[in-house]
Amino acid sequence: LGIPIYWRTLINEYNPPNNFRDIQLNGPYDTWDHSHMFEECKNGTMMIDKIKYSIPFKIIGRMAHFIWVKRELQRIFDYRYEIIENIFKEN
């Protein structure tokens with residue numbers, strides 16, 4: 001929407017090559033806890049995201065989540081998937 005959002009996270013768990021976890025220190029969410037897990041599979045490595053977050057502004061935040069935030073998060077993760085897929089796809 002052209003509005004800059006400043007976001008600072010901290011990687012508070014780091015366990016290569018299995019997983020890492022980041023939490024929001026400050027940013028648009030009341031809470032943000034994002035685990036990145038990597039599992040070996042027959043075609044390579046599967047990356048799994050587990051995200052726990054809450055939105056500020058009570059009922060207004062819930063409405064914003066329904067109208068916009070949920071879709072925007074899906075768009076961001078779809079884009080990341082596409083980029084990672086392109087980087088690692090076989091030639």
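The sections below set out a description of the structure shown in this document. (Residues numbered from 1 in each chain as written. Predicted model: local features only at pLDDT ≥ 70, side-chain atom pairs only at ≥ 80, totals over all residues. Heavy atoms only, no water.)

1. Brief notes about the overall build of the protein
Along its length, the protein carries one helix and four strands. Start at the N end of the protein and walk to the C end: the helices and strands fall as β-β-β-β-α. What you see for the protein is a C-alpha radius of gyration of 15 Å, clearly larger than the 12 Å of a compact globule of 91 residues, by over 25%. Principal axes of the C-alpha set define a box for the protein whose edges measure 45 × 30 × 20 Å. Evaluated residue by residue, the protein yields a buried proportion of 14% over its 91 residues. (Helix = DSSP H or I, 4+ residues; strand = E, 2+ residues; numbered from the N terminus. Rg over C-alpha atoms; globule rule 2.2 N^0.38 Å. Buried < 20%, exposed > 50% of the residue type's maximum accessible area, 1.4 Å probe, protein only.)

2. Some remarks on the packing of aromatic side chains
Counted under the stated rule, the structure contains six aromatic pairs. Here Phe20 and Phe38 contribute two aromatic rings whose centre-to-centre distance is 6.2 Å and whose plane-to-plane angle is 25°, an arrangement assigned as stacked. Of this pair, Phe20 sits in strand β2 (residues 19-26) while Phe38 sits in strand β3 (residues 31-41); the two residues are 18 residues apart in sequence, bridging distant segments of the chain. Residue classification places Phe38 among the partly exposed positions, given a relative accessible area of 27%. Through pairs of rings, three or more aromatic residues link up here, namely Trp7, Tyr29, Trp32 and Tyr53. (Phe/Tyr/Trp six-rings, centres within 6.5 Å; stacked < 30°, edge-to-face > 60°.)

3. Describing a nonpolar patch on the surface
There is a patch of nonpolar side chains on the surface, built from Ile5, Trp7, Phe57, Ile59, Ile60, Met63, Phe66, Ile67 and Trp68 and spanning about 1100 Å² of accessible area. Its place among the elements puts Phe66 in helix α1 (residues 58-88). Here Phe66 falls in the exposed class, since its relative accessible area comes to 73%. (Patch = residues over 30% accessible without salt bridge, like charges linked within 9 Å, V, L, I, M, F, W, Y side chains within 5 Å. Areas by Shrake-Rupley, 256 points an atom, 1.4 Å probe, with all protein chains shown as cover. Salt bridge = Lys/Arg side-chain N within 4 Å of Asp/Glu carboxyl O.)

4. Some details on the nonpolar core
In this structure, Tyr29, Trp32, Val69, Leu73 and Phe77 together form the largest nonpolar core, which totals five residues. The biggest single contributor to this core is α1, with three residues. Among all residues touching Trp32, those that are not within four sequence positions of it are Trp7, Asp22, Ile23, Gln24, Ile51, Lys52, Tyr53, Leu73 and Phe77. (Core = buried A, V, L, I, M, F, W, Y, C linked by side-chain atoms within 4.5 Å. Contact = heavy atoms within 4.5 Å.)

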